[in-house]
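As a plain string of letters, each chain reads:
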2 protein chains.
Amino acid sequence: MNADQSLSEVFNETTFKVTGHGSRDIQVLKLALEQIDGSLDSDMYGKGKVIEDFQDKIATYLGKENAVFFPSGTMAQQIALRIWCDQQGIKRVAYHPLCHLEIHEEDGLKELHHIEPVLLADKNRLIQLDDVVNMKEDIACLLLELPQREIGGQLPDYAEIEAISAFCRDKGIKLHLDGARLFEIVPYYQKTAAEICGLFDSVYVSFYKGIGGIAGAVLAGEAAFINESKIWKRRHGGDLISLYPYILTSDYYFEQRVDKMGQYYEEAKELAAYFNRCHGMSTIPLEPVSNMFHVHFELPKEKLEPLLKNLYIETGVGLTSYIRDNSKGGSYCEISVGDRYIGIPKKDLDKAFQTLERYLNQI
Amino acid sequence: MNADQSLSEVFNETTFKVTGHGSRDIQVLKLALEQIDGSLDSDMYGKGKVIEDFQDKIATYLGKENAVFFPSGTMAQQIALRIWCDQQGIKRVAYHPLCHLEIHEEDGLKELHHIEPVLLADKNRLIQLDDVVNMKEDIACLLLELPQREIGGQLPDYAEIEAISAFCRDKGIKLHLDGARLFEIVPYYQKTAAEICGLFDSVYVSFYKGIGGIAGAVLAGEAAFINESKIWKRRHGGDLISLYPYILTSDYYFEQRVDKMGQYYEEAKELAAYFNRCHGMSTIPLEPVSNMFHVHFELPKEKLEPLLKNLYIETGVGLTSYIRDNSKGGSYCEISVGDRYIGIPKKDLDKAFQTLERYLNQI
């Protein structure tokens, strides 16, 4: 590796990477298939043992009556909101300004479902009970994302969620959980996933974030809701003849990693402390509440990138594959701790951050 | 196997099956992955070598400027029609009464895109130039399905398609090809896929019919059309982080089978002749024009099924895994010839149809 390569290229060639489970390569699929007998039948348009068993297993884990496997969370969540809007006769929902549906889906919710969002809270903070109580518009559904990914994976106090849930039930507002990273927050709340999901009417979880599968999502809720979601799944073009490549890998990596979320969480706190001890760096949250956090740097991307490349080359430790400028003249990146972190010798990690601090002091 | 089992169960246990490529099991995926190096990078949200190379390859095969891989044809076709409707400012398209969008998609086109279809022709026959010329409504797009699957995979004369294409171009009507089974009809027309697609503005092809992949589709057309389809793919929830399990298998089985379509076609003609020589049976088309055809039986399902089960048990040859009643007091099934047919010894096939004829004469 050399300093003419991109940050991502230099990162990819480091010996030790602090983020993620490993490369997103074909081996992820090959490994999961190794132990599976080739004669196992494919699922067929949502039917068959492969898909039904996994749906039942995740429904039980989430404490919900039924669940359905979707190719993507984008599809699952638009459909959940559409069902609640149709049922309530109100084409309006509320969510955070940095909700996935608002910033990453090319306005699918508006263009396909003609549902208008009410944006709650300032984009730099979490939704609070007051935001919900003081909302002027009638809404069919409130979506809460736990953790709030785009602001570093922050979480409200559990009592705040309970209060929001009680308010919504009282007002007849459906409460939907964007649980893309639900597995990752169970250790912080010290609640079961089923307890957390019990506060919500519908829940989506993803299998390629902390779980590290290839793709795929599950939507869970009461039987009538899930049955209707299957009709919309077909309308969206998501009722594939075979979803088993995603289901088998989701199941395989769920089994491998769902019980490691506590380990990732502890490691994230340790790693965040390393960053926070460095000059001109701080994490959001200051102490992580899951396996993820954001690091904000006083230096802009232009100045930070060459420094990081040199660091990776000198120490063999890669901290992040990318840097983005933030709105305050500095820059930031997102860190997600996974299987790789535990394999990094402490002395290498210490040396990497000492070297980084030395670089920063030379500026 | 025994006569108490379902027709499908008895069929599955036969030594020789006249339809299909083989079981839809996990081995289909494992086999395709065997030769692929685990270090190959995943595609990422529509980018990367795995997806881009395959899209380019199929665009070239279809003679179109660009192509995009979709998880399903349902998604690809709704999006194609939506783009043409938006461009023309007309929320109306025309297609056959037994079009996939009309009967298999839970009205996704209407519910998600608010596009109204004009149903052309009687459901038992193909769309002809006259149907298009005499249409009273303004439409943005005409969809032709080649072959017309639900009526046995019939095809119009090539000159008829050319005339419809010329008429549509003259009138400013976009022409879309539902080419779910396009690969399968190339031998009949004695044209290249690119020549056939040259008559259309947009084309969809599937990789799990004659090609025998796991799932997946490609939409092809001009660059501006394809770029817009990628935005809609994200809106639909089809822009998965990784589609490679479908792409790699589509490519693997495309290479294996696209040049065998002529063989399947000849075999389908041979097999249809066997059925047509039997008492009270006839195929649609009488002489197949691809690897597929329908068999219509004078006997209703209730009387035919026990007879077929006995046939499978006595001869070890399975003709079909299911029978459906038709509207004329008889019954029917669909036959698609694939890799299995060539492995059946002629003497076993002869014996099966002789035995079937003997059963029929005993009624």
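Bear in mind the structure is a predicted one, so any value in this text is a computation, not a measurement.

Chemist: Help me get a handle on the sheet that holds strand β4 (residues 116-119) of chain B, residues and values and all.
Modeler: All names here are of chain B. Spatially, β2-β8-β7-β6-β5-β3-β4 is the arrangement adopted by the seven strands of the open sheet, whose pairing is mixed. Strand pairing shows two members of the sheet lacking a second neighbour, β2 (66-70) and β4, which therefore form its edges. Ignoring which end each strand starts from, the neighbouring axes of this sheet average 20° apart. The strands that helix α3 (residues 49-62) touches are β2, β7 (202-206) and β8 (217-221); relative to β2, the one it contacts most, it runs at about 125°. Running over the sheet, helix α8 (residues 158-171) touches β5 (141-145) and β6 (174-179) and is turned about 170° from β5.

Chemist: Describe the relation of the copies chain A and chain B, and please don't skip the residues or the numbers.
Modeler: Aligned on chain B, chain A shows an RMSD of 0.0 Å; the corresponding rotation is 180° and the shift along the axis is 0.0 Å. Look at the turn and shift together and you get a two-fold axis relating the two. Rotation axis and chain A: the residue whose C-alpha lies nearest the axis is L112(A), separated from it by 2.6 Å. Taken together, the interface assignments show that 100% of the residues at the interface of chain A recur at the interface of chain B, consistent with an identical surface on both copies.

Chemist: Outline the sheet that holds strand β13 (residues 331-336) of chain B, listing residues and values.
Modeler: Residues and elements named next belong to chain B. The strand order β9-β10-β13-β12 describes an open sheet built from four strands, whose pairing is antiparallel. Two strands in the sheet have a free side with no partner beyond their single neighbour: β9 (281-284) and β12 (324-325). Relative to β13, strand β10 (residues 292-297) runs antiparallel, the two being bridged by six bridges. For H296, the partnering residue across the bridge sits in β13 and is Y332. Packed on one face of the sheet, helix α13 (residues 261-276) meets β9, β10 and β13 and runs near 150° to β9.

Chemist: Explain the interface of chain A and chain B to me, and be specific about the residues and the numbers.
Modeler: Listed by partner, the interface residues are 50 residues for chain A and 50 residues for chain B. Taking both partners together, chain A and chain B bury about 4100 Å²; carbon and sulfur atoms supply 60% of that area. When the buried surface of chain A facing chain B is broken down by residue, I26(A), L112(A) and R235(A) rank first, second and third, together holding 17% of it. On inspection of chain A and its partner chain B, the count reaches 28 residue pairs in polar contact (both at pLDDT 80 or more). Within the residue set of the side of chain A that touches chain B, elements represented by two or more residues are α2 (27-34), α4 (73-88), α6 (108-113), α11 (223-235) and α12 (244-257) of chain A. Here the side of chain A that touches chain B is composed, by residue class, of 23 nonpolar, 14 polar and 13 charged.

Chemist: Give me the lowdown on the packing of α2(A) against α12(A), citing residues and values where you can.
Modeler: Packed helices, taken two at a time, are described by the angle their axes make and the gap between the axes. All names here are of chain A. α12 packs onto α2 with a crossing angle of 80° between their chain directions and a minimal axis gap of 9 Å. On the basis of the axis angle, α2 is roughly perpendicular to α12. Contact residues: α2 offers Q27, V28, L29, L31, A32 and L33, while α12 offers P245, L248, T249, Y252 and Y253. Per-class residue counts for the contact of α2 with α12 are nine nonpolar, two polar and no charged.

Chemist: Any chance you could break down the nonpolar core for me, citing the residues and the numbers?
Modeler: Among the nonpolar cores identified, the biggest contains 203 residues, and L142(A) and L142(B) are the most heavily contacted of them. Residues contacting L142(A), with those up to four places away along its chain left out, are A94(A), L120(A), V132(A), I164(A), C168(A), I173(A), K174(A), L175(A) and H176(A). Residues C85(A), C141(A), L143(A) and C85(B) belong to the second largest nonpolar core, which totals 54 residues.

Chemist: Run through the side chain of S331(A), naming residues and quoting values.
Modeler: In this structure, S331(A) sits in strand β13 (residues 331-336). S331(A) has contacts with V295(A), H296(A), F297(A), L299(A), P300(A), K301(A), L304(A), I323(A), R324(A), D325(A) and N326(A), leaving out every residue within four places of it along the chain.

Chemist: Provide a residue-level description of the packing of aromatic side chains, including the pertinent values.
Modeler: Residue and element names in this part refer to chain A. Tallied over the entire structure, the rule returns 35 aromatic pairs over all chains. With a centroid separation of 6.5 Å and an interplanar angle of 70°, the aromatic rings of F207 and F254 are classed as edge-to-face. Here F207 is found in the loop between β7 (202-206) and β8 (217-221), whereas its partner F254 is found in helix α12, with 47 residues between them in sequence. Given a relative accessible area of 5%, F254 falls into the buried group. What links up through ring pairs into an aromatic cluster is the set F54, Y61, F69, F183, F207 and F254. Looking at R277, its charged tip hangs above the ring of Y274, at a distance of 5.1 Å from the centre.

Chemist: So what's going on with unusual backbone geometry? Which residues, and what values?
Modeler: All names here are of chain A. I284 connects to P285 through a cis peptide bond whose omega is -10°. Here P285 shows up in the loop between β9 (281-284) and β10 (292-297). The backbone of H114 sits at a positive phi, close to 55°, despite the residue not being glycine. Mapped onto the secondary structure, H114 falls in the loop between α6 and β4 (116-119). Taking the relative accessible area as the measure of exposure, H114 reaches 40% and is therefore partly exposed.

Chemist: Got a sec to walk through the pattern of salt bridges? Specific residues and values, please.
Modeler: Any two side chains of opposite charge can pair, given that their charged atoms come close. All chains considered together, the criterion is met by 32 salt bridges over all chains. One salt bridge in this structure joins E102(B) and K110(B), with 3.3 Å as the shortest N-O distance. A cluster of three or more residues bridged by salt bridges with shared partners is formed by K57(A), D251(A) and E255(A).

Chemist: Give me the lowdown on the domain arrangement of chain A, citing residues and values where you can.
Modeler: Residues and elements named next belong to chain A. The assigned domain composition of chain A is domain 1 (7-23 + 260-362) and domain 2 (43-241). Using only C-alpha atoms to locate each centre, domain 1 and domain 2 end up separated by 30 Å. Taken together, the two surfaces of domain 1 and domain 2 that pack against each other cover about 1200 Å², and 64% of this comes from carbon and sulfur. Interface area lost by domain 1 to domain 2 is led by M261, V289 and M292, which between them contribute 44%.

Here is what the cut-offs are and how they apply
- Residues numbered from 1 in each chain as written.
- Chains lettered and ligands numbered in written order.
- Predicted model: local features only at pLDDT ≥ 70, side-chain atom pairs only at ≥ 80, totals over all residues.
- Heavy atoms only, no water.
- Pairing = 2+ DSSP bridges.
- Helix = DSSP H or I, 4+ residues; strand = E, 2+ residues; numbered from the N terminus.
- Axes fitted to C-alpha atoms, helices over the stretch in contact; angles between N-to-C directions.
- Contact = heavy atoms within 4.5 Å.
- Least-squares fit on C-alpha atoms with pLDDT ≥ 70 in both.
- Buried area = accessible area lost by both parts, 1.4 Å probe.
- Polar contact = N/O pair within 3.5 Å; in protein donor to acceptor, adjacent residues only side chain to side chain.
- Nonpolar A, V, L, I, M, F, W, Y, C, P; charged D, E, K, R; others polar.
- Parallel < 35°, antiparallel > 145°, perpendicular 65-115°, else oblique.
- Core = buried A, V, L, I, M, F, W, Y, C linked by side-chain atoms within 4.5 Å.
- Buried < 20%, exposed > 50% of the residue type's maximum accessible area, 1.4 Å probe, protein only.
- Phe/Tyr/Trp six-rings, centres within 6.5 Å; stacked < 30°, edge-to-face > 60°.
- Lys NZ or Arg CZ within 6 Å of the ring centre and 35° of its normal.
- Salt bridge = Lys/Arg side-chain N within 4 Å of Asp/Glu carboxyl O.
- Domains from an automatic or database assignment.

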